[in-house]
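# Structural characterization, general
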Amino acid sequence: MTPMYCSRCGTVGEPAREIPGSFALELLLWLLFILPGLIYSVWRLCSAKDACIRCGDPRLIPADSPLAVHLLAQHPSGPVVRAPSQTRLALLTGFAVVLLVIVLPFAIALWMGRND
Ligand SMILES: [Zn+2]
């Protein structure tokens, strides 16, 4: 992924993926109702956006753009390079939990239904 420059704090690095909403609410909606859980999950995924890993600001520009190069040259302390965040891993873990919570009861119900 292209390193991005944060126009707010001057951080250069791979952006973090900011996902709005709450995973706990998403899980609750999936447990109570299938359709609201699905709608909420789709909204969360469609509303996700890249943000600065340091300050969370979404105003990022490519670090190799002329504006970023100019601003980095004026930055007194030089660029701040940050490692990518663990948000993708957290997102995958969340999906795994949702799938486990939804798929496992159906699998158990199917398995118990076959034995009757
Ligand atoms: Zn920032």
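Residues numbered from 1 in each chain as written. Predicted model: local features only at pLDDT ≥ 70, side-chain atom pairs only at ≥ 80, totals over all residues.

## A few points about the overall build of the chain
What the chain contains, in helices and strands, is 4 helices and 6 strands. Going residue by residue from the N terminus, the α and β elements of the chain occur as β-β-β-α-α-β-β-α-β-α. Expressed as a percentage of the 116 residues in the chain, the buried residues total 13%. Nonlocal contacts in the chain, meaning residues at least 24 apart in sequence, comprise 74% of its contacts between residues at least 6 apart. (Helix = DSSP H or I, 4+ residues; strand = E, 2+ residues; numbered from the N terminus. Buried ≥ 20, exposed ≤ 12 C-beta atoms within 10 Å, placed from the backbone. Contact = placed C-beta atoms within 7 Å.)

## Comments concerning helix α2 (residues 34-47)
With 14 residues, α2 should reach 20 Å at 1.5 Å per residue; the first-to-last C-alpha distance of 20 Å fits that figure. By the criterion of burial, α2 is predominantly exposed, with just 0 of the 14 residues buried. (Expected span 1.5 Å × (residues − 1).)

## Looking at the packing of helix α1 (residues 23-32) against α2
The N-to-C vectors of α1 and α2 enclose an angle of 150°; their axes lie 7 Å apart at closest approach. With respect to each other, α1 and α2 are oriented roughly antiparallel. On α2, the residues that touch Leu25, Glu26, Leu29 and Trp30 of α1 are Pro36, Gly37, Tyr40, Ser41 and Arg44. Partitioning the contact of α1 with α2 into residue classes produces 5 nonpolar, 2 polar and 2 charged. (Axes fitted to C-alpha atoms, helices over the stretch in contact; angles between N-to-C directions. Parallel < 35°, antiparallel > 145°, perpendicular 65-115°, else oblique. Nonpolar A, V, L, I, M, F, W, Y, C, P; charged D, E, K, R; others polar.)

## Some details on the confidence of the model for the chain
One rule of thumb: low pLDDT means the predicted coordinates there are not for detailed reading. A residue-level look at the chain finds 77% of positions with pLDDT of 70 or above and a mean pLDDT of 82. When pLDDT is averaged over each element of the chain, strand β5 (residues 60-62) comes out on top at 94 and strand β6 (residues 80-82) at the bottom at 56. (pLDDT = per-residue confidence, 0-100.)

## Quick notes on the nonpolar core
Listed in full, the 10 residues of the largest apolar core are Met4, Tyr5, Cys6, Val12, Ala51, Cys52, Ile53, Leu60, Ala63 and Ala68. A per-element tally of this core places strand β1 (residues 4-6) first, with 3 residues. (Core = buried A, V, L, I, M, F, W, Y, C linked by C-beta atoms within 7 Å.)

## Some words on the environment of Val12
Here Val12 is to be found in strand β2 (residues 11-13). A count of 21 C-beta atoms within 10 Å places Val12 in the buried class. Separated by 56 residues in sequence, Val12 and Ala68 place their C-alpha atoms 9.4 Å apart.

## As for the environment of Ser47
Mapped onto the elements, Ser47 comes out in helix α2. For Ser47, a count of 11 C-beta atoms within 10 Å gives the class exposed. The spatial distance from the C-alpha of Ser47 to the C-alpha of Glu18 is 8.7 Å, given a sequence separation of 29 residues.

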